[in-house]
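Below, each chain spelled out in residue letters.
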Amino acid sequence: GKVVGSVRFWTVGGVCVIRLLSVHPNYQGKGIGKALMREIEALVTDAHKLYVCTMLRTSRNVAMFLDLGYRPESVMPDHYNGMDMICFSKYLSVR
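What counts, and at which threshold
- Residues numbered from 1 in each chain as written.
- Predicted model: local features only at pLDDT ≥ 70, side-chain atom pairs only at ≥ 80, totals over all residues.
- Heavy atoms only, no water.
- Helix = DSSP H or I, 4+ residues; strand = E, 2+ residues; numbered from the N terminus.
- 1 Å grid on protein atoms, 1.4 Å probe; cavity = no way out; pocket = protein on both sides within 12 Å on 5 of 7 lines; lining within 4 Å.
- Points joined across faces, edges and corners; volume = space filled by probe spheres on them.
- Nonpolar A, V, L, I, M, F, W, Y, C, P; charged D, E, K, R; others polar.
- Buried < 20%, exposed > 50% of the residue type's maximum accessible area, 1.4 Å probe, protein only.
- Pairing = 2+ DSSP bridges.
- Right-handed = clockwise from strand over helix to strand, strands pointing away.
- pLDDT = per-residue confidence, 0-100.
- Disulfide = S-S within 2.5 Å.
- Axes fitted to C-alpha atoms, helices over the stretch in contact; angles between N-to-C directions.
- Parallel < 35°, antiparallel > 145°, perpendicular 65-115°, else oblique.
- Left-handed = near helix turned anticlockwise from the far one by under 90°.
- Contact = heavy atoms within 4.5 Å.

Asker: Any chance you could explain the environment of Tyr80 here in plain terms?
Answerer: Take Tyr80: it is sitting in strand β4 (residues 71-80). Along the chain, Tyr80 and Val4 lie 76 residues apart, while their C-alpha atoms are 25 Å from each other.

Asker: Which parts of the structure should I look at to understand the layout of surface pockets?
Answerer: Roughly 710 Å³ of internal volume is contained in the largest pocket. Lining the largest pocket are 27 residues, and of these Leu21, Ser22, Thr54, Asn61 and Met64 sit closest to its centre. Those elements giving two or more residues to the lining of the largest pocket turn out to be β2 (15-23), α1 (32-43), β3 (49-55), α2 (59-67) and β4. Considering every element that reaches the lining of the largest pocket, the biggest residue donor is α2, with 6 residues. Class assignment for the residues of the lining of the largest pocket results in 13 nonpolar, 9 polar and 5 charged.

Asker: When you look at the pairing of β3 in this model, what are you seeing that I'm missing?
Answerer: In the case of a regular strand, side chains alternate between the two sheet surfaces. In terms of burial, β3 is a largely internal element, 6 of the 7 residues being buried. Pairing geometry for β2 and β3, over 4 bridges, is parallel. Bridge pairing in β3 links Val15 to Lys49. On the question of chirality, the crossover connecting β2 to the parallel β3 by way of α1 is right-handed. Pairing of β3 with strand β5 (residues 83-91) involves 7 bridges; the strand directions are antiparallel. Paired with Met55 across the bridge in β5 is Met85.

Asker: Please clarify how the confidence of the model for the protein chain should be interpreted in this entry.
Answerer: The predicted structure's coordinates, where accompanied by low pLDDT, should not be read in detail. The pLDDT averaged across the protein chain works out to 95; a share of 98% of its residues lies at or above 70. Put simply, β4 is where the protein chain has its lowest mean pLDDT, 94, and strand β1 (residues 5-12) is where it has its highest, 98.

Asker: Would you mind showing me how to read the state of the cysteines here?
Answerer: When the sulfur atoms of two cysteines share a covalent bond, that bond is a disulfide. Tallying each qualifying case throughout the model produces 1 disulfide. The disulfide that involves Cys53 links it to Cys87, with 2.0 Å between the sulfurs. For the disulfide bridge between Cys53 and Cys87, the dihedral angle about the S-S bond is near 100°, and by the sign convention the bridge is right-handed. In this pair, Cys53 sits in strand β3 while Cys87 sits in strand β5, placing the two residues 34 residues apart along the sequence. Just so you know, Cys16 is unpaired, no disulfide at all, and the nearest cysteine sulfur is the one on Cys53, 12 Å from it. Here Cys16 falls in the buried class, since its relative accessible area comes to 0%.

Asker: For this particular structure, what's the right way to read the packing of α1 against α2?
Answerer: When two helices pack together, their arrangement is captured by the angle between the axes and the distance separating the axes. For the pair α1 and α2, the least separation of the axes is 11 Å and the interaxial angle reads 40°. The pairing of α1 with α2 is recorded here as oblique in orientation. Remark: the crossing between α1 and α2 carries right-handed chirality. When α1 is examined against α2, the residues Gly33, Lys34 and Met37 are found in contact with a partner set consisting of Met64, Phe65 and Asp67. Here the contact of α1 with α2 is built from residues that sort into 3 nonpolar, 1 polar and 2 charged.

Shown next, in the form of structure tokens:
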């Protein structure tokens, strides 16, 4: 009965944009982030592509997206408070 993670997503033009994936620090490393991402993939029926960005320096996040089959699409240098962002995409099969 406790909320320990959250994520926002929406679809526009056939692309599911995923933002603000977060898991409480006490619960990180337990698969909750992956579970949230997999749930989005199961729920989204109106997109052909999933798109998500994270800070390049967060190696654990980068590894998670790669493990889930996302591929790097772009890097945005000095995007947020002097930090670089990396964006990933994953294409979905036609449902």
